Amino acid sequence: MNMGAIITKSVITCPDCGFRKEETMPEDVCQFFYECENCHTVLVVKGVCANCDK
Ligand SMILES: [Zn+2]
């Protein structure tokens, strides 16, 4: 049984072309940049940082 880091996965949908991909979300990051594999638009994705969730 793995007691290591919690891996949070989320499906990111590109607002430009609608391409969807399941990505592993980094912990304790407010937001990060994600490049769409389909159209190469750089998206700003909200992370799961509880401290910054206002
Ligand atoms: Zn796209």
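The rules we used
Residues numbered from 1 in each chain as written. Predicted model: local features only at pLDDT ≥ 70, side-chain atom pairs only at ≥ 80, totals over all residues. Helix = DSSP H or I, 4+ residues; strand = E, 2+ residues; numbered from the N terminus. Buried ≥ 20, exposed ≤ 12 C-beta atoms within 10 Å, placed from the backbone. Pairing = 2+ DSSP bridges. Contact = placed C-beta atoms within 7 Å.

**Points about the overall build of the protein**
Thinking step 1. In terms of regular secondary structure, the protein is built from zero helices and four strands.
Thinking step 2. Burial statistics for the protein: of 54 residues in total, 0% are counted as buried.

**Here we look at the pairing of strand E2 (residues 20-25)**
Thinking step 1. Burial of E2 is sparse: only zero of the six residues sit out of reach of the surface.
Thinking step 2. The pairing of strand E1 (residues 8-13) with E2 spans six bridges and is classified as antiparallel. Bridge pairing links Val-11 to Glu-22 in E2.

**A short note on the environment of Cys-30**
Thinking step 1. Within the element layout of this structure, Cys-30 appears in the loop between E2 and strand E3 (31-35).
Thinking step 2. Overall, Cys-30 belongs to the exposed group, with 12 C-beta atoms counted inside 10 Å.
Thinking step 3. Taking the C-alpha atoms as reference, Cys-30 lies 8.4 Å from Asn-51; in sequence the two are 21 residues apart.

**What about the environment of Tyr-34?**
Thinking step 1. For Tyr-34, the position within the fold is in strand E3.
Thinking step 2. For Tyr-34, a count of 16 C-beta atoms within 10 Å puts it in the partly exposed group.
Thinking step 3. When the C-alpha positions of Tyr-34 and Ile-12 are compared, they lie 8.9 Å apart, and in sequence the two are 22 residues distant.
Thinking step 4. Other than its neighbours up to four places away in sequence, Tyr-34 contacts Ile-12, Glu-23, Leu-43 and Val-45.

**Considerations on unusual backbone geometry**
Thinking step 1. Positive phi, close to 65 degrees, is recorded for His-40, a residue that is not glycine.
Thinking step 2. Relative to the helices and strands, His-40 is located in the loop between E3 and strand E4 (42-46).
Thinking step 3. For His-40, a count of 10 C-beta atoms within 10 Å translates into the label exposed.

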